[in-house]
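Analysis of the macromolecular model
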Amino acid sequence: MYVLGLSCYFHDAAAALLRDGELVAAAEEERFSRKKHDYEYPEHAIDFCLRTAKITAADLDYVVFFEKPFVKFERLLLTSLQTYPRSHKVFREAMVSWLGDKLWIKNLIQQRLKIKADRVLFSEHHLSHAASAFYCSPFDEAAVLTIDGVGEWTTASIGIGRGTDLKLIKEIRFPHSLGLLYSAFTAFLGFEVNEGEYKVMGMAPFGTPRYVEDVWKLIHVADDGSFELDMKFFSFHHSTHQTFNQRFVELFGAPRDPHMNFFTASSGFPAYFGERPADFEAQARANQHYADIAASIQKVTEEVILKLALAAHKETGLTKLCLAGGCALNSVANGRILRETPFEDVYVQPAAGDGGAAVGAALYGYHAVLGKPRGFVMQHAAWGEAHGPDVTERFLREHGIPFDRYDDEDKLLACVVDRLYAGHVVGWSQGRFEWGPRALGQRSILADPRRADMKDIVNTKIKFREPFRPFAPSVLAERAADYFDLPDAARHFPARFMLYVVDVKAEHRATLPAITHVDGTGRLQTVHREATPRYHALIDAFGRATGVPVLLNTSFNLRGEPIVNTPAEAFNTFMASGMDTLVLGDHVVDKRAVIG
Ligand SMILES: [Fe+2]
C-alpha cells in the first residue's frame, strides 16, 4: 500500500511516501525548485517520491494533506474580522490567496494526481506534527508535545501515543503562541522570520538575560504550562508584515538594523567583516544590548517549553517524550528537557518544522486512520535524492572538470583525511540528501575542528555569516560521551539529528575550538555506523590520524540558498566559494586542478 503525505502553502512544502508503512522517500520542495522555504504545491518533491519508489500516481492508495484548509481559513477570517479595519490588508490577501487555490487543495490533489476524492484524506496540523515524531520514534508509548507558530487554531499541544493510537489531549490556541513570540523577537533582532530563529539561539550566549522580566510582561504562564500572550504588544494577528508593535518597541528599544554587523566585546571583530571600525566599542555596546535581548527571549522560551514538558509528563505519567513543531528545533531547549525533566528518552525527527508534517500526515493516515500496524523507526535523515557514480562522472566529463575516482573506499577516505588535515575546507556530497533543515553528512561542508582559526576560515571562504553562529561537530556515536556532556550519547535520537545542545567537556574545549560555542556548548551530531556508514568511516579515519574523531560540519550551501542536491549544484557552489576540495561520491575534485 502506498500513502503519500503532503505539506504546502504555509512554510516549507514537502512530500513523503510510505510503502506498507515504511518510509521510501521524503524531501522538501526547495531542494528541487531551488527557492528557499518554497511553500508552493510540491510537484517536484512528489515526482521524486514516485520516481524513487518506481511507481506512478495511479499506484497511490491514499494522499494525506497535513492540515485542514477550511479550519485554517476560518481562523484567518475570524481573526481578521475581530481586528477589522486594522486587518484589512490581511483580510484582502487571505481572501485572494485562499479563495484562489489554497482552499481547494483537495480538487488540486485530485486533478494533479488523478486520484479519487475518497482517497484524499486530511490530518490536522498539530496532529501531523505529533504523528511525525511519535510514529517515527521507537517508542511504543510516549507523551507528545508539539509547539510551533500556529496550525489551524492550535499553537501548542500535549498528546499521548500508544501503539497505533495517537490523541491530542490539551491545546493552546491562536493568538497565544510561543512560536510567534519567538518569531517576533527574531524579526525585532533583524532576522527573517522562519529562517533566523537559529540566529537568535546562536546570539543568546553572547548576552546576559537581563530583560527576562520585560519578556515575561509579554507572556503569562500558568503552572500547568498553559500560556497567554499579552496581545497589546503584537500585531501579527492583524498585519501581514509586522509581528510586534510600538508598545513592544517602547519596552525593548528600537529594533536592530538588519544590515548592522553583529559583534560584541567577547566575539571581537572578525576579519571577514573587513576593516575594524574606529567606533568598535560603541558598536559592540549597541550589539550587546541585542545579544542581551536574545538571551532573555531564549531563556523565557526555554522556561515555557520546560513547563509544557513537565505538564506533558504530569498528564501522561510516561517517561518518553516525542517533540515536534518548529520550536522542537530549539536544540538548547531540547537539551534542557533531557537534563531537567523526568523524561528519560526524547525523540525528535529531523524535519520537526512544517515540512516534516508531510511524513506525519502520511503516517497518521496509515496508522491512525487505516489502523495498520507500526514497524518503522526513523534512524537517519537520508531520504532525499541520490545521484549515482555514473551520473556524477558524466557530469564531470561533460564539463571537462578534472577529477580522481576512487573505487577503493579506504583510499578515498585517506585522501579526504589528508586534505582535512592540511586545513582544506571540503565539500562532501554522498548518497541521498537529508530530510529537514540540517546537513548531517550527506550534503555537508567539512573541516578540521581542532584549528582555532577554522571558524573564520570557513566563514571567510564560504558562509560569510555572523560570528555568533556556531559550527556544529559530527562525532562518532561511540566516542561522543568522551567529548560532550551527554552520557550514553549513542542512545539519544535527537543527537543523531543535531537537535541537542550540550556542554563540550571542559578538558576538550581547547581541543575543539572551532565547534565550541562561546558558552562552552556544542550542537553535536552523533554519527552511527549502521545509519551512515561512509560518513562514520570518514570520521573514524580522521580520528585515527589525529586522535580526535570529530569533524566540523556545516550545510553545503551558500548563504541564503537551499542546500545543494545535484552534482552540478554542488560543483557550482564549490566554485562560487573558497572551498578547496569537492567530494562527490567516489569522485574528488581539487580547486587548484580546476582553476589550473
Ligand atoms: Fe507547524
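As a reminder, the structure under discussion sits directly above these lines.
Quick notes on the overall build of the protein
Secondary structure summary: the protein contains 21 helices and 22 strands in total. Scored against the burial criterion, the 596 residues of the protein give a buried share of 62%. Considering only intrachain contacts with a sequence separation of at least 6, the fraction spanning at least 24 residues in the protein is 70%. Total accessible area on the protein is roughly 22,400 Å²; 51% of this is exposed by carbon and sulfur atoms.

Quick word on the coordination of the iron ion
In this structure, His125 (NE2), His129 (NE2), Asp148 (OD) and Asp354 (OD) serve as the protein donors to the iron ion, at separations of 2.0 to 2.2 Å. For the iron ion, the 4 donor atoms are set out with angles of 89 to 170° between them, so the coordination reads as irregular. The sequence pattern describing where the donors of the iron ion fall on their chain is H-x3-H-x18-D-x205-D. Of this pair, Asp148 sits in the loop between strand E6 (141-147) and strand E7 (154-162) while Asp354 sits in the loop between strand E12 (345-348) and helix H13 (357-369); the two residues are 206 residues apart in sequence, bridging distant segments of the chain.

Brief notes about the state of the cysteines
Per the stated rule, a full pass over the model turns up 0 disulfides. Cysteine Cys136 shares no disulfide, and the gap to the nearest cysteine sulfur, in Cys322, comes to 9.2 Å. Note on Cys136: relative accessible area 0%, which makes it buried.

Description of the packing of helix H15 (residues 409-421) against helix H19 (residues 533-546)
Where H15 meets H19, the closest approach of the two axes is 9 Å, and the angle between their N-to-C directions is 55°. One way to sum up the angle between H15 and H19 is to call them oblique. Note on packing geometry: the crossing formed by H15 with H19 is right-handed. Touching Glu409, Leu412, Leu413, Val416, Val417, Leu420 and Tyr421 of H15 are Arg534, Ala537, Leu538, Ala541, Phe542, Ala545 and Thr546, all from H19. Residues of the contact of H15 with H19, tallied by class, amount to 11 nonpolar, 1 polar and 2 charged.

So, the sheet that holds strand E14 (residues 426-429)
Strand order in the open sheet made by the 8 strands is E13-E22-E21-E14-E15-E20-E16-E19, with mixed pairing throughout. The open sheet is flanked by strand E13 (404-405) and strand E19 (525-527), the only strands paired with a single partner. Bridge count for E14 against strand E21 (residues 581-584) is 4 bridges, and the pairing is parallel. Along E21, the bridge assignment pairs Val426 with Thr581.

A few points about the pattern of salt bridges
Tallied over the entire structure, the rule returns 33 salt bridges. Residues Arg405 and Glu393 are paired through a salt bridge, measuring 2.6 Å at the closest nitrogen-oxygen approach. With a gap of 12 residues between them, Arg405 in strand E13 and Glu393 in helix H14 (residues 389-398) connect regions that are remote in the sequence. The class of Glu393 is buried, set by a relative accessible area of 15%. Among the charged side chains, a salt-bridge network with shared partners connects Lys299, Glu302, Glu303, Arg336 and Glu340.

Comments concerning the environment of Ser577
Note that Ser577 resides in the loop between helix H20 (567-576) and E21. With residues up to four places along the chain from it excluded, the contact list for Ser577 reads Lys461, Ile462, Leu558 and Lys591. From its side chain, Ser577 meets the backbone oxygen of Thr573 in a polar contact 3.0 Å long.

Digging into the packing of aromatic side chains
Inspection of the entire model under this criterion finds 27 aromatic pairs. Each ring, one from Phe234 and one from Phe236, has its centre 5.6 Å from the other, and the planes form 50°; the classification is tilted. Phe236 carries the same exposure label as Phe234, and that label is buried. A ring pair is formed by Phe234 and Phe248, whose centres lie 6.2 Å apart and whose planes are at 65°; its orientation type is edge-to-face. Note that Phe234 is positioned in the loop between strand E10 (227-229) and helix H10 (246-252) and Phe248 in helix H10, a separation of 14 residues in sequence. The ring centre of Tyr62 lies 4.7 Å from the NZ or CZ of Arg119, which sits over that ring. If you follow Arg374 out to its NZ or CZ, it ends over the ring of Phe134, 4.2 Å from the centre.

Brief notes about unusual backbone geometry
Trans peptide bonds make up the majority, and among non-glycine residues the majority have a negative phi. Residue Pro175 is bonded to the preceding Phe174 through a cis peptide linkage, with omega at 5°. In this fold, Pro175 is placed in the loop between strand E8 (165-173) and helix H7 (178-188). Phi at Arg34 takes a positive value of approximately 65°, unusual for a residue other than glycine. With respect to the helices and strands, Arg34 occurs in the loop between helix H1 (30-33) and helix H2 (43-53). Judged by its relative accessible area of 26%, Arg34 is partly exposed. Even without a glycine there, the phi angle at Lys114 is positive, about 50°. Note that Lys114 resides in the loop between helix H5 (105-113) and strand E5 (120-122). Accessibility expressed as a relative area gives 70% for Lys114, which makes it exposed.

Some thoughts on the sheet that holds E8
Strand order in the open sheet formed by 5 strands is E8-E7-E6-E11-E12, and the pairing between neighbours is mixed. Lying at the two open borders of the sheet, with one neighbouring strand each, are E8 and E12. Pairwise comparison of adjacent strand axes, ignoring direction, gives a mean angle of 20° for this sheet. The sheet contact formed by strand E11 (residues 320-324) and E12 spans 4 bridges and is parallel. Its bridge partner being in E12, Leu323 is matched across the sheet by Val348.

Looking at the environment of Leu552
You can see Leu552 is positioned in strand E20 (residues 550-555). Beyond its immediate sequence surroundings of up to four residues, Leu552 is in contact with Ile445, Leu446, Ala447, Pro449, Met454, Val458, Phe471, Ala472, Ala514 and Ile515.

What to know about the side chain of Asp354
Take Asp354: its relative accessible area is 5%, and that puts it in the buried class. Among the polar contacts listed, one links the side chain of Asp354 to the side chain of His125, at a separation of 3.0 Å. Polar side-chain contacts of Asp354 include one of 3.0 Å to the side chain of His129. With near-sequence residues (within four places) excluded, Asp354 lies in contact with Ser7, Phe10, His11, Asp12, Phe66, His125, His129 and Asp148.

Side note on the pairing of E14
Burial of E14 is two-sided: the residues Val426 and Trp428 facing one way and the residues Gly427 and Ser429 facing the other way are all buried. Pairing of E14 with strand E15 (residues 443-447) involves 4 bridges; the strand directions are antiparallel. For Val426, the partnering residue across the bridge sits in E15 and is Leu446.

Reading guide: rules and limits
Residues numbered from 1 in each chain as written. Predicted model: local features only at pLDDT ≥ 70, side-chain atom pairs only at ≥ 80, totals over all residues. Heavy atoms only, no water. Helix = DSSP H or I, 4+ residues; strand = E, 2+ residues; numbered from the N terminus. Buried < 20%, exposed > 50% of the residue type's maximum accessible area, 1.4 Å probe, protein only. Contact = heavy atoms within 4.5 Å. Areas by Shrake-Rupley, 256 points an atom, 1.4 Å probe, with all protein chains shown as cover. Donors = N, O, S within 2.8 Å, 3.2 Å for Na, K, Ca; no water. Tetrahedral: all angles 85-135°; square planar, octahedral: opposite > 155°, others 65-115°. Disulfide = S-S within 2.5 Å. Axes fitted to C-alpha atoms, helices over the stretch in contact; angles between N-to-C directions. Parallel < 35°, antiparallel > 145°, perpendicular 65-115°, else oblique. Left-handed = near helix turned anticlockwise from the far one by under 90°. Nonpolar A, V, L, I, M, F, W, Y, C, P; charged D, E, K, R; others polar. Pairing = 2+ DSSP bridges. Salt bridge = Lys/Arg side-chain N within 4 Å of Asp/Glu carboxyl O. Polar contact = N/O pair within 3.5 Å; in protein donor to acceptor, adjacent residues only side chain to side chain. Phe/Tyr/Trp six-rings, centres within 6.5 Å; stacked < 30°, edge-to-face > 60°. Lys NZ or Arg CZ within 6 Å of the ring centre and 35° of its normal.

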